[in-house]
Amino acid sequence: MRGLSSSLRRRWDAVYHRASIQMILSLSFTAVAVVGMVFLGLSLFLRFSASNNALLAENSQRVLSQVNLNLDARLREMMRVSDTAYYQIIKDADLAEEDLTRDLELLYYTSRESLVSIAVFADSGDLIAAVPLTALKNSVSPERESWFAAAQERIENLHFSTPHVQNLFVDPDYRYRWVVSLSRHVELTKDGAIESGVLLVDMSYGGIEQICKDVDLGSGRGYLYIVDGAGEIVYHPRQQLIYAGLLEENNRAAAAYADGSHDEIFQGRRRQVTVKTVGYTGWKLVGVVPSENLWDDYGQLLLFFLFVVIFSIFLLVFVNLRLSAWITAPMKKLDLAVKKLEAGQETVDLAVNGPYEVEHLSRSIQSMVSTMRHLMDDIIQQEEQKRRSELDVLQSQINPHFLYNTLDSVIWMTENGRTEDAVVMLTSLARLFRISLSRGSNIITIADELEHARHYLTIQKMRYKNKFSADISAADGAEELYTIKLIVQPILENAIYHGMDYADGDGKIRISAFREREDVVIEVADNGPGMPAEVVERLLDQGGSYMAADSKGSGIGLRNVHRRIQLTFGREYGLTILSEPDDGTVVRIRLPALDGERGRSCRKEEPVEPAPETSGDPQAGTEKGGGQ
Amino acid sequence: MSQQRFTRWGLPLLMLGILMALLLMLTLYPARAQQRPELLEMSVIAREADGAAWANARRGMEQAAADLYVELRFLYPGQSNSSEEQGQLLRREVESGASAILLFPTDREALAEEARSASAKAALVTLETDMETAAGYVGVDNQALGEALGRAALNGVPLGGTVLLIDGAFAGSGIGERMAAAADLLELEEREVRLFSGTGDALEEALARGEIRAVIAFEASKLEQAAEVMSRLEHPPLLYGAGSTAAIAAGLEQGRITSAVAQNAFSTGYLAVETAARLARREAVEPLEPLPFFTVRRENMYEPEYQKLLFPVTW
């Protein structure tokens, strides 16, 4: 039992987790409604059939009571006739002197409708008087009749016989009439002597039939019959069929029933039997209503009920499916939208009209998605900002080698009395630092950037003993424009280390700044050995790391500059390298042309950074020194 | 209407409509208990001009007619035991469209053709006399009944004694069979058998000669007639016969009839109508066994069993 229960629960869970809300709603509504309907219907049906049975039993008992009253009245009338005949005619008469026939005849005619005959017999069976037929058949012996014997055996009682053919009297018309005999013991006076006798009152059998024939039991489907105490049939609407053996009745069993309603099965058929005992006689009125007739109606009713249930189930399934589809449509729409969202679709309509809860859920999801997108944007922005800041910091850091070499050069110059050169170098270094700091701002004018480049070149030229010359120029209006700082110096550093290292006073570096429509371009060109195309191609590749053949740098300084520009201004800006082996290198820095106002606004947007510390690790630097 | 729309709306609505129609039909269809078969018209063609001799059978027929929703039409020939008239009645009833016919045939051979054509159009059931061309027969085994009568007569007739058999010109009927069977038995038992055919007066004259030790009548009206003749004779012979009318009961009671072989006429009539109705309604009918008969004498006629047999309950 427990195993079955858990198995059912598992199956239900499996179905529950696989099924849609609409299906669960439809099934649940339908199941609950069907169970309720069947329960209610069965309750009503059983209640109806029980009430109907009780009503039928009650009706049968009422009908039987009425029949009993009528029969009782008829029997009382017979008893009254018998009493009258005995107490008013026979008891006072002396048979030796009086003939009873005339008085009996008068009595007979007062009740001739229900009487067949009245007769008085002596104890020996001899006829004393009889009406309306007066002659006794030769062949009969009244003293042998059962009614005669009963009267003699229990002299204090009145005795009703079962129906029998009256054959006592000579009838010229050969009429043999069925009668119920009422007999009693009487005292006869003859010559002053008291003798025993029997008074017989034959009641017309038709009188009983008249009382019983129109009885309506079970709306015409039932019938009534009468049995005596021994179960012999007194009256039955189909009596002759029973006598002929064409029909059987359960009369013997009915005689044993107590008064009230009983269910019996007779010849394989169930029927409701109601019994009522008739006073004086011990007869029993038996009302029979075949239950199969009831069940004919019940069967029809049950069939009708089944059809109604099937129809209702079908209607319920249909309505519940439609109703649940209507209820769950907003949820389905929301689910679909979320699935699209999960699939990565950018534009998803999460606005759903529906019940309060669904709308609330829809709004919440929209809000969450919006918040999530904002957070993601913020994270991306923060990551970019962080990356940019890191790059900026890296860029801002002074290579210790560069600082060491420069200061070493200054010492050397001072020791050798070249104080003027030392002053120039130190001045340029100081200017270089001042522009590098720029009071914490990352955005400076192109003029400052070029000035920074100029000082760097001054220092490097002194260190490299004028192996190369440099030329810095700016087109009109270019110097007022803004740029992120320290983007030229790493390019110059590369140009010097890779292009000017082997120059012998003929190296040339040219820096020019100019506008190109809405952009500004700072071009750094050198006449160094140049690079093959594949090296150029991989130099700015963010994923790769190119190590030059001479191992003086990995090009990371160039990539950092390129990245900083793209992070700050977008992917359409950055570095372009044009180079051919033995034909020099041109690095073009493309920036948006930020005029004064836009430049100032950019400076306001950028976070205030702490002043760069010089103790950082110069990842992008060269071994020999130089600025980042 | 698209396939999806039909599946979602059209099909369920269609099925709902069908269920609704069935429900309406069920509501309007009467309960089985309230259904009655179609009224069946049944003709009963008697053998005698007067139906008194089979009054009890008629009561049984009427009871069956009431039970089985049958309308009975009783037809009597102008002349008793006229096969020609019976043939005419049979033909007329078939032509008028009777669904079922009960016939007391007077002569098998004379009515064979009419019965054959009647059987083709209606459920023909015979009483007293069985016919091959009829769909059914309800009655006693006539040969056995005749032998029973002959055996009863043996008791009162010494060897070589004469027994008069009342011949009602029923040679081609079941009654003739009874007589033939009785005659064969009596002759076998060395009694002289004489046949009589004639009026009551002629019978009285024949019996007055005193040679006849017993008389046997093989059907009710002849038995009643013979009993009436016996009442006029000073030394009447023993009378045996077949039948269960009130007059026969009186004859038994008064001693004019020594014994009577009786069948339950009420049930005979009832079963005849029931059989014919079932046949006409094309219902299954089990072949009927010959009905039982009883020998009733003065001594036992008021025993409950015989009382119910001889005297149908009347109100």
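The structure displayed is predicted, hence computed values, not measured ones.

The rules behind the values
Residues numbered from 1 in each chain as written. Chains lettered and ligands numbered in written order. Predicted model: local features only at pLDDT ≥ 70, side-chain atom pairs only at ≥ 80, totals over all residues. Core = buried A, V, L, I, M, F, W, Y, C linked by C-beta atoms within 7 Å. Buried ≥ 20, exposed ≤ 12 C-beta atoms within 10 Å, placed from the backbone. Helix = DSSP H or I, 4+ residues; strand = E, 2+ residues; numbered from the N terminus. Contact = placed C-beta atoms within 7 Å. Pairing = 2+ DSSP bridges. Axes fitted to C-alpha atoms, helices over the stretch in contact; angles between N-to-C directions. Nonpolar A, V, L, I, M, F, W, Y, C, P; charged D, E, K, R; others polar. Expected span 1.5 Å × (residues − 1). Arc of directions from axis to C-beta. pLDDT = per-residue confidence, 0-100. Parallel < 35°, antiparallel > 145°, perpendicular 65-115°, else oblique. Left-handed = near helix turned anticlockwise from the far one by under 90°.

Engineer: When you look at the nonpolar core in this model, what are you seeing that I'm missing?
Structural biologist: In globular proteins that are soluble, nonpolar side chains generally tend to be buried together. Residues Ala 100, Leu 102, Val 125, Leu 149, Ile 216, Val 273 and Ala 276 of chain B are the most contacted members of the largest nonpolar core, which totals 166 residues. With 12 residues, the single largest contributor to this core is helix α2 (residues 21-90) of chain A. Apart from the residues lying within four places of it in its own chain, the contact partners of Val 273 of chain B are Met 42, Met 61, Ala 64, Ala 65, Leu 68, Val 70 and Leu 102 of chain B. In terms of nonpolar packing, the next biggest core, distinct from the first, is built from 48 residues, Ile 443, Ile 459, Leu 492 and Ile 511 of chain A among them.

Engineer: Where do I start with the sheet that holds strand β4 (residues 123-127) of chain B in this structure?
Structural biologist: In a beta sheet, neighbouring strands are held together by backbone hydrogen bonds and run either parallel or antiparallel to one another. Residues and elements named next belong to chain B. What the 5 strands build is an open sheet, ordered β2-β1-β3-β4-β5; its pairing is parallel. In this open sheet, the two edge strands, each paired with only one partner strand, are β2 (70-75) and β5 (136-138). Taking each pair of neighbouring strands and ignoring which way they run, the sheet shows an average axis angle of 20°. Across 6 bridges, strand β1 (residues 40-45) lies against β2 in parallel orientation. Residue Ser 43 lies in a different strand from β2, and its bridge partner there is Arg 73. Docked against the sheet, helix α10 (residues 265-280) engages β1, β2, β3 (100-103), β4 and β5, running at close to 165° with respect to β4.

Engineer: Sorry if this is basic, but what is going on with the environment of Met 131 of chain B here?
Structural biologist: Residues and elements named next belong to chain B. By secondary structure assignment, the location of Met 131 is in the loop between β4 and β5. The sequence separation of Met 131 and Ser 173 amounts to 42 residues, and the corresponding C-alpha distance is 9.1 Å. With residues up to four places along the chain from it excluded, the contact list for Met 131 reads Pro 105, Arg 108, Ala 115 and Thr 126.

Engineer: Is there a simple way to explain the sheet that holds strand β16 (residues 519-526) of chain A in this structure?
Structural biologist: All names here are of chain A. Overall, mixed pairing links the 5 strands, which are arranged β13-β15-β16-β18-β17 in an open sheet. Across the chains shown, the open sheet's two edge strands, defined by having one partner strand only, are β13 (468-474) and β17 (574-579). Adjacent strand axes in the sheet meet at a mean angle of 15°, parallel and antiparallel pairs treated alike. Sheet topology places β13 next to strand β15 (residues 507-516); 7 bridges connect them, and they run parallel.

Engineer: Is there a simple way to explain the interface of chain A and chain B in this structure?
Structural biologist: Interface size, as often reported, equals the accessible area lost upon joining of the parts. Taken together, the 31 residues of chain A in the interface contact 31 residues of chain B. Contributing elements (two or more residues each) for the side of chain A that touches chain B: β4 (164-166), α5 (205-212), α6 (239-243) and α8 (291-342) of chain A. For the side of chain A that touches chain B, the element with the most residues is α8 of chain A, which contributes 13 residues. Classifying every residue of the side of chain A that touches chain B gives 18 nonpolar, 9 polar and 4 charged.

Engineer: Teacher, can you tell me more about the pairing of strand β1 (residues 115-122) of chain A here?
Structural biologist: Residues and elements named next belong to chain A. In terms of burial, β1 is largely enclosed, as 7 of its 8 residues are buried. Sheet analysis places β1 next to strand β6 (residues 193-204), joined by 7 bridges and oriented antiparallel. Bridging from a neighbouring strand, Ala 119 pairs with Leu 200 of β6. As paired elements, β1 and strand β2 (residues 127-131) share 4 bridges and run antiparallel to each other. Following the sheet pairing, Val 120 is matched in β2 by Ala 129. What sits between β1 and β2 in their antiparallel hairpin is a turn of 4 residues, with Gly 125 showing a positive phi close to 100°.

Engineer: Whenever I open this one, helix α11 (residues 419-437) of chain A confuses me. Can you help?
Structural biologist: Residue and element names in this part refer to chain A. Between its first and last C-alpha atoms α11 spans 27 Å; for 19 residues at 1.5 Å apiece the expected length is 27 Å, and the two agree. Buried within α11 we find Ala 422, Met 425, Ser 428, Leu 429, Leu 432, Ile 435 and Ser 436. Taken end-on, α11 shows its buried residues confined to a sector of 160°, consistent with a single buried face. Among the exposed residues of α11, those oriented more than 90 degrees off its buried face are Thr 419, Glu 420 and Ala 430. Taken from the residues just after α11, Ser 438 is the one with a positive phi, measuring 50°.

Engineer: Quick question: what am I supposed to make of the confidence of the model for chain B here?
Structural biologist: Detailed reading of the predicted coordinates is not advisable wherever pLDDT is low. Looking at chain B as a whole, the pLDDT averages 88, with 95% of positions reaching at least 70. In the model output, the complex is listed with pTM 0.62 alongside ipTM 0.80.

Engineer: What's the story with the packing of α2 of chain A against α5 of chain A in this structure? I'm lost.
Structural biologist: When two helices pack together, their arrangement is captured by the angle between the axes and the distance separating the axes. Residues and elements named next belong to chain A. Contact geometry for α2 and α5: axes closest at 9 Å, N-to-C directions at 160°. Regarding the angle of α2 to α5, the classification is roughly antiparallel. The handedness of the crossing between α2 and α5 comes out as right-handed. Residues Val 67, Asn 70, Leu 71 and Arg 74 of α2 pack against Gly 207, Ile 211 and Cys 212 of α5. Residue classes in the contact of α2 with α5 are distributed as 4 nonpolar, 2 polar and 1 charged.

Engineer: What's the story with the packing of helix α12 (residues 446-463) of chain A against helix α13 (residues 489-499) of chain A in this structure? I'm lost.
Structural biologist: Residue and element names in this part refer to chain A. It is the contact of α12 with α13, at a shortest axis distance of 10 Å, that shows an interaxial angle of 30°. In this view, α12 runs roughly parallel relative to α13, as classed from their interaxial angle. Handedness of the crossing formed by α12 with α13: right-handed. Residue-level contacts link His 452, Ala 453, Tyr 456, Leu 457 and Gln 460 of α12 to Gln 489, Leu 492 and Ile 496 of α13. Tallied by class, residues from the contact of α12 with α13 come to 5 nonpolar, 3 polar and no charged.

Engineer: Hey, could you run me through the environment of Ser 261 of chain A in this one?
Structural biologist: All names here are of chain A. In this structure, Ser 261 sits in strand β9 (residues 260-266). A residue is classified by how many C-beta atoms lie within 10 Å of it, and Ser 261, with 19 of them, is partly exposed. As a C-alpha pair, Ser 261 and Lys 276 span 15 residues in sequence and 9.1 Å in three-dimensional space. Once residues within four sequence positions are removed from consideration, Ser 261 is found in contact with Ala 57, Ser 60, Gln 61, Gln 272 and Thr 274.

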